[in-house]
Amino acid sequence: MTEPVVSIRNLSKVYQQGDIQVTALNGVSLDIGAGEFLALMGPSGSGKSTLLHIIAGVDRPTDGQCLVQGVDVGQLDESALADWRNQNVGFVFQSFNLIPVLTAFENVELPLLLTQLGGRERKRLATTALELVGLGDRSHHLPRQLSGGQEQRVAIARALVTDPRLIVADEPTGNLDAHSAQEVLGILQALSRTAGKTVIMVTHDPKAAAFGSRSVHLEKGELLP
Ligand code: ADP
Ligand code: MG
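Residues numbered from 1 in each chain as written. Chains lettered and ligands numbered in written order. Predicted model: local features only at pLDDT ≥ 70, side-chain atom pairs only at ≥ 80, totals over all residues. Heavy atoms only, no water.

## What about the pairing of strand 1 (residues 4-17)?
Argument step 1. Summarising the sheet, strand 1 and strand 2 (residues 20-33) pair through 10 bridges and their orientation is antiparallel. Pairing of Leu 11 across the sheet is with Val 28, part of strand 2.
Argument step 2. Here strand 1 folds back onto strand 2, and the loop between the two strands holds 2 residues, one of which, Gly 18, carries a positive phi near 60°.
Argument step 3. By the bridge criterion, 5 bridges tie strand 1 to strand 4 (residues 63-68) in an arrangement that is antiparallel. Each bridged residue has a counterpart across the sheet, and for Ser 7 the counterpart in strand 4 is Leu 67. (Pairing = 2+ DSSP bridges. Helix = DSSP H or I, 4+ residues; strand = E, 2+ residues; numbered from the N terminus.)

Here is the structure:
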């Protein structure tokens, strides 16, 4: 493997719900290299989303370490963590999560409004990202005027417009037909192969996982050997 971008050691996550403790992750250790396209597999409730959320800095571990490019993400305070996320992570969700009243272009431009970039540069970057996912001609469409596959491609453009090191995707093809799923998976694969992005994708579909460069399996919060 190339130099690991993500280095996870003895990671545990316990959720406290009233009197009940739920162990979502139990001593997970994993390295993920630059440019890898990792498929994170396992049955429902095995801790896939929890692990993805900790890597992406939206949840914190109870114990152990998750270093991303040497930064112990769980140790950052809320505002440092928010900055870190904006600069380093692009998110893709199962249900796309586009803003319905914004056009494709405006959805993709949105993360850039949190940066210092001016309007002209934002326009250039958002246009390039939409072209990269094959939707240069759909800039002015609203989400409801797009197919599910096109919506997810807009969401990928939004995830990559800030040029983040990591792209994390939670069941990105879960709501798509087979053909659209293949398009989306092909784009994620190209991002890892040609743009050198580290892509981490949760899926329980072996066909989707086959697009990845490696698969790991979680079961009851532990990685299978
Ligand atoms: P997966 O994505 O593999 O389906 P999750 O990571 O979502 O699994 O969940 C792992 C376990 O942790 C499950 O038992 C789930 O009920 C529990 N869990 C996840 N998030 C929370 C939360 N915010 N509060 C309490 N329990 C949670
Ligand atoms: Mg999940």
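More follows now that the structure is in view.
## With respect to a nonpolar patch on the surface
Argument step 1. On the surface, Ile 99, Val 101, Leu 110 and Leu 113 cluster together into a nonpolar patch covering about 340 Å² of accessible area.
Argument step 2. Note on placement: Leu 110 falls in the loop between helix 3 (104-109) and helix 4 (119-132).
Argument step 3. Relative accessible area serves as the criterion here: at 31%, Leu 110 is assigned to the partly exposed category. (Patch = residues over 30% accessible without salt bridge, like charges linked within 9 Å, V, L, I, M, F, W, Y side chains within 5 Å. Areas by Shrake-Rupley, 256 points an atom, 1.4 Å probe, with all protein chains shown as cover. Salt bridge = Lys/Arg side-chain N within 4 Å of Asp/Glu carboxyl O. Buried < 20%, exposed > 50% of the residue type's maximum accessible area, 1.4 Å probe, protein only.)

## A short note on the site of ligand 1
Argument step 1. Around ligand 1 sit Tyr 15, Gln 17, Val 22, Ala 24, Pro 43, Ser 44, Gly 45, Ser 46, Gly 47, Lys 48, Ser 49 and Thr 50, and that is every residue in its neighbourhood.
Argument step 2. Interatomic distance of 3.1 Å between a backbone N/O atom of Gly 47 and an oxygen atom of ligand 1.
Argument step 3. About the coverage of ligand 1: the protein hides 63% of its 560 Å² of free accessible area.
Argument step 4. If you list the elements that add at least two residues to the shell around ligand 1, you get strand 1, strand 2 and helix 1 (48-55).
Argument step 5. The element contributing the most residues to the shell around ligand 1 is helix 1, with 3 residues.
Argument step 6. Residue composition of the shell around ligand 1, grouped by class: 4 nonpolar, 7 polar and 1 charged. (Near = heavy atom within 4 Å. Polar contact = N/O pair within 3.5 Å; in protein donor to acceptor, adjacent residues only side chain to side chain. Nonpolar A, V, L, I, M, F, W, Y, C, P; charged D, E, K, R; others polar.)

## Some thoughts on the pattern of salt bridges
Opposite charge on two side chains allows them to pair when their charged atoms are near.
Argument step 1. Applying the stated criterion across every chain, the model contains 9 salt bridges.
Argument step 2. With a shortest N-O distance of 3.0 Å, Glu 78 and Arg 60 are connected by a salt bridge. Within this pair, whereas Glu 78 is found in helix 2 (residues 78-88), its partner Arg 60 is found in the loop between helix 1 and strand 4, the two being separated by 18 residues in sequence.
Argument step 3. Assessed through its relative accessible area of 53%, Glu 78 is described here as exposed.

## Points about the environment of Glu 131
Argument step 1. Locating Glu 131 in the fold gives a position in helix 4.
Argument step 2. Looking at Glu 131, the relative accessible area reads 51%, which means it is exposed.
Argument step 3. Here the alpha-carbon distance between Glu 131 and Ala 157, two residues 26 residues apart in the chain, equals 8.6 Å.

## So, the packing of aromatic side chains
Argument step 1. Enumeration according to the criterion identifies 1 aromatic pair in this entry.
Argument step 2. Look at Phe 91 and Phe 93: their rings are 6.1 Å apart centre to centre, the planes differ by 10°, and that puts the pair in the stacked class.
Argument step 3. We classify Phe 91 as partly exposed; its relative accessible area is 22%. (Phe/Tyr/Trp six-rings, centres within 6.5 Å; stacked < 30°, edge-to-face > 60°.)

## Remarks on the side chain of Asn 107
Argument step 1. For Asn 107, the position within the fold is in helix 3.
Argument step 2. Beyond its immediate stretch of four places on either side in the chain, Asn 107 contacts Leu 98, Ile 99, Leu 102, Pro 143, Val 154 and Arg 158. (Contact = heavy atoms within 4.5 Å.)

## Describing the environment of His 53
Argument step 1. By the secondary structure assignment, His 53 is in helix 1.
Argument step 2. A relative accessible area of 31% places His 53 in the partly exposed class.
Argument step 3. Through-space distance from the C-alpha of His 53 to that of Ala 210 is 22 Å; in sequence the pair is 157 residues apart.

## Quick look at the sheet that holds strand 7 (residues 166-170)
Argument step 1. With mixed pairing, 6 strands are arranged side by side in an open sheet as 6-7-8-3-9-10. The open sheet has two free edges, formed respectively by strand 6 (89-92) and strand 10 (222-223), since each of these has just one partner strand.
Argument step 2. Together, strand 6 and strand 7 form the strand contacts of helix 2, whose direction differs from that of strand 6 by roughly 75°.
Argument step 3. Along the sheet, helix 5 (residues 148-160) makes contact with strand 6 and strand 7, crossing strand 6 at roughly 170°. (Axes fitted to C-alpha atoms, helices over the stretch in contact; angles between N-to-C directions.)

## Description of the sheet that holds strand 5 (residues 71-72)
Argument step 1. Read across the sheet, 4 strands follow the order 2-1-4-5 without closing on themselves; strand pairing throughout is antiparallel. Only two strands of the sheet have a single partner each, and these edge strands are strand 2 and strand 5.
Argument step 2. In the packing of helix 1 onto the sheet, the strands contacted are strand 1, strand 2 and strand 4, and the crossing angle to strand 1 comes to about 120°.

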